[in-house]
Amino acid sequence: MSSFITDAYTVKILKTSYAITEGTTFTIPCSASSAASAATAATATSFSWERTIDGRTLPIRIDGAHFSGVTTGSPSLNIIQAFITDSGTYTCVASNSAGTARTSTQLPVSERQTIIPPVYVQSNTTHTLTRPADDKATKLTLTEPGGIPYVTGTTVEAGLSGSVKPWLSSSHTGGSYTLTFAKFLPSDMGIYTTEVDGIVDTQIAIVQG
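Rules used in this analysis
Along each chain, residues carry numbers from 1 onward, in the same order as the chain's sequence is written. Side-chain atom pairs in this predicted model are given and counted only at pLDDT of 80 or more, local residue features only at pLDDT of at least 70, and totals for whole chains, interfaces and linings cover all residues. With hydrogens and water excluded, all non-hydrogen atoms of the structure serve as input to the side-chain values. Paired strands, in this sense, are two strands between which DSSP finds at least two bridges. Runs of E in the DSSP output that reach at least two residues are strands. Runs of H or I that reach at least four are helices, and both are numbered from the N terminus. Inter-axis angles, ranging from 0 to 180 degrees, are taken between N-to-C directions of lines fitted to C-alpha atoms, where helices are fitted over the stretch in contact. Residue types Ala, Val, Leu, Ile, Met, Phe, Trp, Tyr and Cys, when buried and joined through side-chain atoms within 4.5 Å, form a set referred to as a nonpolar core. Remark: exposure states derive from per-residue accessible area (1.4 Å probe, protein chains only) relative to the maximum for the residue type, with buried under 20%, exposed over 50%, and partly exposed in between. Contact definition: two residues touch when any of their heavy atoms are within 4.5 Å. The rule is short: rings of Phe, Tyr and Trp, with Trp giving its six-membered ring, pair when the centres are within 6.5 Å, and they are stacked under 30 degrees, edge-to-face over 60, tilted in between.

Trainee: Where do I start with the sheet that holds strand S7 (residues 56–59) in this structure?
Mentor: Sheet strands associate in pairs through backbone hydrogen bonding, adopting either a parallel or an antiparallel arrangement. The sheet built from 4 strands is open, its strands ordered S7-S6-S10-S11 with antiparallel pairing. Edge strands, defined here as strands with exactly one partner in the open sheet, are S7 and strand S11 (99–107). The average undirected angle you get between the axes of adjacent strands in this sheet is 25°. Summarising the sheet, strand S10 (residues 88–96) and S11 pair through 9 bridges and their orientation is antiparallel. The residue bridging Thr89 from the neighbouring strand is Gln106, located in S11.

So this is what it looks like as structure tokens:
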């Protein structure tokens, strides 16, 4: 997509949309070209970026920590370790004495999903599922294979059936959340899903013996 300040000056983002995963460091390329003399092009233009989400447009502050780049010589925007909340419409803005031009692209940021190798558990033995998590995590849920929430934070869900709940306990120590089964049964085998602050992990528990 291109936009013009004058017939001689163009600012452009190559694609109308990009897609990345949270945690990724990504550069949205923006380029500018001019048919004017090099001296005029170099001194006449400044660049900035805006992001629009839910109809609200705000300028992006280039802080060097989460957003970097954006110089006269290289107007591209670097997003450092993207968050889900970085999704939106990004607009490269070029200005000179002739006016202002904008060119935009869509950038959805999707959740990162990590597959943890399966664990093998002896039937009718005690087993603990462990999920590393920062002590500052604000949300954790653990869901059993049938989609029923087992744990929210470190609290075993009150709505679990009487045949399940007595066998479960949960804790948070040493930077990890744990769910312990007093007896891990063949019916407990399957894929367990944990979510910590929007980051989803899965763990496969397989009963043997």
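Trainee: When you look at the nonpolar core in this model, what are you seeing that I'm missing?
Mentor: In globular proteins that are soluble, nonpolar side chains generally tend to be buried together. Counting 21 residues, the largest nonpolar core has Ile28, Trp49, Leu77, Ile79, Tyr90 and Leu107 as the members making the most contacts within it. Where this core is concerned, the elements lending two or more residues are strand S4 (26–28), strand S6 (46–53), strand S9 (77–79), S10 and S11. Element by element, the count of residues in this core is highest for S10, at 3 residues. In this structure Trp49 touches Ile13, Ile28, Cys30, Pro59, Ile60, Val70, Pro75, Ser76, Leu77, Tyr90, Thr91 and Cys92, once residues within four positions along its chain are discounted. Residues Leu129, Leu168, Ala205 and Val207 belong to the second largest nonpolar core, which totals 9 residues.

Trainee: What exactly am I supposed to notice about unusual backbone geometry here?
Mentor: It is generally the case that most residues other than glycine have a negative phi and that most peptide bonds are trans. Of note in this structure, Asp54 is not a glycine but carries a positive phi near 55°. Relative to the assigned elements, Asp54 resides in the loop between S6 and S7. What makes Asp54 exposed here is its relative accessible area of 79%. One non-glycine residue, Gln81, lies in positive phi territory at about 50°. For Gln81, the position within the fold is in the loop between S9 and S10. Judged by relative accessible area, Gln81 falls into the exposed class, the value being 52%.

Trainee: Teacher, can you tell me more about the packing of aromatic side chains here?
Mentor: Pairs of aromatic rings are described using the distance from one ring centre to the other and the angle between the two planes. One pass over the structure, following the stated rule, counts 2 aromatic pairs. Ring plane angle 75° and centroid distance 4.9 Å describe the contact between Phe181 and Phe184, whose orientation is recorded as edge-to-face.

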